[in-house]
Amino acid sequence: MTFTAKNLERAHAIIAQYPDPHSAILPLAHVAQDQDGWLTNEAMAEIAELVGTSSADVQGVCSFYTMYKRRPCGKLVVSVCTNVTCLVVGGPEVLHHLEARYGADDDVFVEEVECLAACGNAPAMQVNYEYHEHLTPEMAAAIVDDYKSGVLHARGVSGGSK
Ligand code: FES
């Protein structure tokens, strides 16, 4: 059993919201990822069983979306935009600063992402899908440090509650 008893209850409640249980794959993957910190093969197998499909089907659906992490990514997923607008106002510098600072930190997973739709306030990043904008490299690191120390409260790694 992969889901905790509480999350298994949530999973059944989510499935009941859809006429076709197959439609619950994505929300169930969020629950699993928030529980475990990443989307494990065991979780996808359990989701498949719950919705009445194959593990390969669940893997096929989930592998399409970059927000589902297929390896451990720690407590904080830091997504830094380096797309066009962020590129010209310091996004890559933010990314490189955070990669250097947290590269050996198992709690922090720094990733480069495409446009976060916050171009008007570039450069932008998300920490567990919470937006932070108008960044400098130093500001970005201070924000991540605040999450690490608990000054800022991080949502689950899928952006939901745990
Ligand atoms: S280009 Fe970075 S948020 Fe749009």
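Residues numbered from 1 in each chain as written. Predicted model: local features only at pLDDT ≥ 70, side-chain atom pairs only at ≥ 80, totals over all residues.

1. Some thoughts on the overall build of the protein
- Of regular secondary structure, the protein possesses seven helices and four strands.
- Mapped in sequence order, the helices and strands of the protein form the string α-α-α-α-β-α-α-β-β-β-α.
- In the protein, which comprises 162 residues, the proportion classed as buried is 34%.
- A separation of at least 24 residues holds for 65% of the contacts in the protein among residues at least 6 apart in sequence. (Helix = DSSP H or I, 4+ residues; strand = E, 2+ residues; numbered from the N terminus. Buried ≥ 20, exposed ≤ 12 C-beta atoms within 10 Å, placed from the backbone. Contact = placed C-beta atoms within 7 Å.)

2. Structural notes on the domain arrangement of the protein
- The domains assigned to the protein are domain 1 (5-62) and domain 2 (76-149).
- The distance between the C-alpha centroids of domain 1 and domain 2 comes to 29 Å. (Domains from an automatic or database assignment.)

3. Observations regarding the sheet that holds strand 2 (residues 108-113)
- Spatially, four strands are ordered 2-1-3-4 in an open sheet, and the strand pairing comes out mixed. Across the chains shown, the open sheet's two edge strands, defined by having one partner strand only, are strand 2 and strand 4 (130-132). Across this sheet, the average inter-strand angle for adjacent strands is 25°, counted without regard to direction.
- As judged from the three bridges shared by strand 1 (residues 76-81) and strand 3 (residues 125-127), these two strands associate in the antiparallel manner. Considered in strand 3, the bridge of S79 is made with Q126.
- Contacting strand 1, strand 2 and strand 3, helix 6 (residues 91-102) runs over the sheet at an angle of about 150° to strand 1. (Pairing = 2+ DSSP bridges. Axes fitted to C-alpha atoms, helices over the stretch in contact; angles between N-to-C directions.)

4. Quick notes on the packing of helix 2 (residues 25-36) against helix 3 (residues 41-51)
- Helix 3 packs onto helix 2 with a crossing angle of 145° between their chain directions and a minimal axis gap of 10 Å. Of the two elements, helix 2 crosses helix 3, and the hand of that crossing is right-handed. Of helix 3, the residues touching helix 2 (which contributes I25, L28, A29, A32 and D36) are A43, I47, L50 and V51.
- Residues that form the contact of helix 2 with helix 3 fall into these classes: eight nonpolar, no polar and one charged. (Left-handed = near helix turned anticlockwise from the far one by under 90°. Nonpolar A, V, L, I, M, F, W, Y, C, P; charged D, E, K, R; others polar.)

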